[in-house]
Amino acid sequence: MPYPVRVIPGSDTAVETLGLRKTYRSVRGRVVGVDGLDLRMPAGGVHALLGLPGSGKTTTLRLLTGLAHADAGAIKIFGVPVPDGLPDLAGRIGAVVGEPGFQAGLSGRRNLALLASAAGVPRTRVDEVLARVLLTDRARLAYGSCSVDERRRLALAAALLHDPDLLVVDEPSEGLDAVGTREIRQALRRLADRGVTVLVATGVLTEAQQIADTVTVLDDGRVLAQGTVADLLGDARVSVRVRLDEPGKAATTLRAAGFKVRADGELLHVDGVAEPADISRALAKQKLFPGELAPQREDLAAVVGRLRPVVPQTPKVPSRAEGRAARKAAEQQTADRKKAADQRKAAKEAADERAAADVEAAEKAAAKQAAADDKAARKQEAVDARAARREAQKTGAKALLSRRASEPSSASDGQGTADADTAKADPVEPGPQKDQGPAKKAPSKGQSQSQSDNRAKGSR
Ligand SMILES: Nc1ncnc2c1ncn2[C@@H]1O[C@H](COP(=O)(O)OP(=O)(O)OP(=O)(O)O)[C@@H](O)[C@H]1O
């Protein structure tokens, strides 16, 4: 909810703001333009609003000139509250913020003449301001075909038409070449010397150093520092650019030795160095030898970095709601961890069970195979045994027949004895093949003996 603009009690400064806040709506939500801006700018001289891009310089100028409205805070210009008192200040403020609403088809001079008559300023004033911005020769050119430099000079001329007490200029040298930059800066400086209070917003450190008397450094929509240029920027701070093979190791070494180091790709910038040789000495202790060691003046980033307060990291005391949320999150984390552990355990048990079942199945299959192999072996043994018996029977019968055939008939006494001996020596039952029948079982010991006896009897 926007706060009402507060009125600052009587003030003799040129510009003063108190707790100025401006936010913008954007697709990313609320964006802070300036946040609690307390500005104090003396009357006279050149004052620079200095800051990195996005620090809130243009927003501040737009709030001061009534181009934007604050959400909160107070503004006074020459003691007059803004925006309510702006009509009273109309003749005292000139501003170059954004493009002037010039007509493209008309010359610069014609556009200025129209503005002058609308503001009740005499036409002679047009030539004066054109001379002041060094544009007299080029003022007949149509505004649409003017260069950036000429347009900026025309905008400045328009802001000067009514001879303001306060001139507000956003980025005076933006888009200008070296000559244009120098001339615009000189013009601003001359105006200040004639008694105009000049406020410039710039992101160029050298611009502030060249033309400003006082400076306000902005950072993230807040005032980081205010004072004279000599106090804030001119205290001969030197930054040393260091180039070497191991920038990471070198940065660590230098920081450990107390240097303020900014890494920039392969380069290091060491800020606030009194004696550059100290850097070489610190690096040499770690056997690091820079290929380049170039002292330079600080840039704006270094200045802002140097001026930023070092905020101590105090532990934040959580609110009740935050505490509850943190506890809930911790409980949820514990529950999640337990659930994951249970799932891992169950998965392991299932895997173990599957492995045990596999082993049992393999053992059963092996046992079955062994039984089958055993049975097959026994069967083969029986077949082999039968074959062996048959072979033995054949051999025994043949031997008997050939012995009988070779014995003389007178020796009939010994025949029975020889037959009996043969039968005894060969326990396998002789006889015709077909009598063997399909018997598969080997005769038992008792059976074999009685059969032998019978055969012996039969032969006798
Ligand atoms: N019209 C806008 N809508 C949304 N955000 C804005 C708008 N104008 C400025 N901002 C945001 O407000 C912040 C301050 O911007 P501002 O233009 O004031 O800074 P600056 O210092 O002038 O920067 P630059 O030098 O780049 O102009 C930035 O984050 C910027 O993106």
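Residues numbered from 1 in each chain as written. Predicted model: local features only at pLDDT ≥ 70, side-chain atom pairs only at ≥ 80, totals over all residues. Heavy atoms only, no water.

Colleague: Which parts of the structure should I look at to understand the overall build of the protein?
Modeller: Of regular secondary structure, the protein possesses 15 helices and 14 strands. Counting contacts in the protein only where the partners sit at least 6 residues apart, residues at least 24 apart contribute 67% of the total. (Helix = DSSP H or I, 4+ residues; strand = E, 2+ residues; numbered from the N terminus. Contact = heavy atoms within 4.5 Å.)

Colleague: What is the right way to read helix α9 (residues 247-256) from this model?
Modeller: Working note: α-helix, 3.6 residues per turn, so residues spaced by three or four point in the same direction. When we look at burial in α9, the residues that qualify are Pro-247, Ala-250, Ala-251, Thr-253 and Leu-254. The buried residues of α9 occupy an angular sector of 165 degrees when projected down its axis, which confines them to one face. Exposed and oriented more than 90 degrees from the buried face of α9 are Thr-252 and Ala-256. Remark: Gly-258 follows α9 within two positions and exhibits a positive phi of approximately 95 degrees. (Buried < 20%, exposed > 50% of the residue type's maximum accessible area, 1.4 Å probe, protein only. Arc of directions from axis to C-beta.)

Colleague: How should I be thinking about the sheet that holds strand β12 (residues 260-264) in this particular structure?
Modeller: To summarise the sheet geometry, strands pair through backbone hydrogen bonds and adopt either a parallel or an antiparallel arrangement. Read across the open sheet, the four strands follow the order β12-β13-β11-β14; overall the sheet is antiparallel. Of all the strands in the sheet, just β12 and β14 (292-297) have a single pairing partner and so form its edges. If you compare each strand with its neighbour and ignore which way they point, the axes differ by 25 degrees on average. Note: strand β11 (residues 238-243) against strand β13 (residues 267-271), four bridges, orientation antiparallel. Across the sheet, Val-240 pairs through a bridge with Val-270, a residue of β13. Helix-sheet contacts for α9 involve β12 and β13, and the interaxial angle to β13 is about 15 degrees. Along the sheet face, helix α10 (residues 277-284) touches β11, β13 and β14 and points at about 40 degrees away from the line of β11. (Pairing = 2+ DSSP bridges. Axes fitted to C-alpha atoms, helices over the stretch in contact; angles between N-to-C directions.)

Colleague: Help me out: how do you make sense of the pattern of salt bridges in this one?
Modeller: Opposite charge on two side chains permits them to pair, given that their charged atoms come into close proximity. Under the definition given, this model contains 24 salt bridges. The closest approach of N and O atoms between Arg-222 and Asp-35, which form a salt bridge, is 3.4 Å. Taken together, the residues Arg-222 in strand β10 (residues 222-228) and Asp-35 in strand β2 (residues 29-41) connect sequence positions 187 residues apart. Between Arg-189 and Asp-193 there is a salt bridge, and its shortest N-O distance comes to 3.3 Å. You can see Arg-189 and its partner Asp-193 sitting in helix α6 (residues 178-193), four residues apart, about one turn around the helix. Counted as one network, the salt bridges with shared partners bring together Arg-138, Asp-149, Glu-150, Arg-153 and Glu-183. (Salt bridge = Lys/Arg side-chain N within 4 Å of Asp/Glu carboxyl O.)

Colleague: Looking at this structure, how should I read the environment of Thr-136?
Modeller: The residue Thr-136 is located in the loop between α4 (124-132) and α5 (148-160) in this model. For Thr-136 and Arg-109, which are 27 residues apart along the polypeptide, the C-alpha to C-alpha distance reads 8.7 Å.

Colleague: Hey, could you run me through the site of the ligand in this one?
Modeller: Taken together, 13 residues surround the ligand, and among them Gly-54, Gly-56, Lys-57, Thr-58 and Thr-59 come closest. Between the ligand and the protein, one listed contact pairs an oxygen atom with a side-chain N or O atom of Lys-57 at 2.9 Å. Separating an oxygen atom of the ligand from a side-chain N or O atom of Thr-59 is a distance of 2.5 Å. Summarising the interface, the protein chains cover 61% of the accessible area of the ligand, which totals 620 Å² for the free molecule. (Near = heavy atom within 4 Å. Polar contact = N/O pair within 3.5 Å; in protein donor to acceptor, adjacent residues only side chain to side chain. Areas by Shrake-Rupley, 256 points an atom, 1.4 Å probe, with all protein chains shown as cover.)

Colleague: Any chance you could explain unusual backbone geometry here in plain terms?
Modeller: Most peptide bonds take the trans form, and the phi angle of most residues other than glycine is negative. Residue Pro-83 follows Val-82 across a cis peptide bond; omega there is 15 degrees. Looking at the element boundaries, Pro-83 is found in the loop between β5 (80-82) and α2 (86-89). Here Asp-163, not a glycine, exhibits a phi torsion of approximately 50 degrees, which is positive. Along the polypeptide, Asp-163 turns up in the loop between α5 and β7 (166-170). In this structure, Lys-287 is a non-glycine residue whose phi angle is positive, near 60 degrees. Considering the arrangement of structural elements, one finds Lys-287 in the loop between α10 and β14. In this structure Lys-287 comes out as exposed when scored by relative accessible area, which is 68%.

Colleague: Would you mind going over the packing of α4 against α5 with me for this structure?
Modeller: Packed helices, taken two at a time, are described by the angle their axes make and the gap between the axes. Two elements in contact, α4 and α5, have axes whose closest approach is 9 Å; the angle formed by their N-to-C orientations is 130 degrees. Considering the angle they form, α4 stands oblique to α5. Crossing of α4 against α5: the hand is right-handed. In contact with Arg-125, Val-129, Leu-130 and Arg-132 of α4, α5 contributes Leu-154, Ala-157 and Leu-160. When its residues are assigned to classes, the contact of α4 with α5 shows five nonpolar, no polar and two charged. (Parallel < 35°, antiparallel > 145°, perpendicular 65-115°, else oblique. Left-handed = near helix turned anticlockwise from the far one by under 90°. Nonpolar A, V, L, I, M, F, W, Y, C, P; charged D, E, K, R; others polar.)

Colleague: Can you help me understand the packing of aromatic side chains in this one?
Modeller: Note on aromatic pairs: each is described by the distance of the centres and the angle between the planes. A complete count under the given rule lists one aromatic pair for this structure. The aromatic ring of Tyr-24 is capped on one face by Lys-22, whose charged end is 5.3 Å from the ring centroid. Arg-92 extends its terminal NZ or CZ atom over the ring of Phe-78, reaching a point 4.3 Å from the ring centre. (Phe/Tyr/Trp six-rings, centres within 6.5 Å; stacked < 30°, edge-to-face > 60°. Lys NZ or Arg CZ within 6 Å of the ring centre and 35° of its normal.)

Colleague: Whenever I open this one, the nonpolar core confuses me. Can you help?
Modeller: In globular proteins that are soluble, nonpolar side chains generally tend to be buried together. Leu-112, Leu-156, Leu-167, Leu-188 and Leu-233 are the most contacted members of the largest nonpolar core, which has 48 residues in total. At seven residues, the largest contribution of residues to this core is made by α5. Residues contacting Leu-188, with those up to four places away along its chain left out, are Val-46, Leu-156, Leu-167, Val-169, Pro-172, Val-198, Val-200 and Ile-211. One finds Met-41, Ile-75, Val-80 and Leu-166 within the second-largest nonpolar core, a separate group that totals 27 residues. (Core = buried A, V, L, I, M, F, W, Y, C linked by side-chain atoms within 4.5 Å.)

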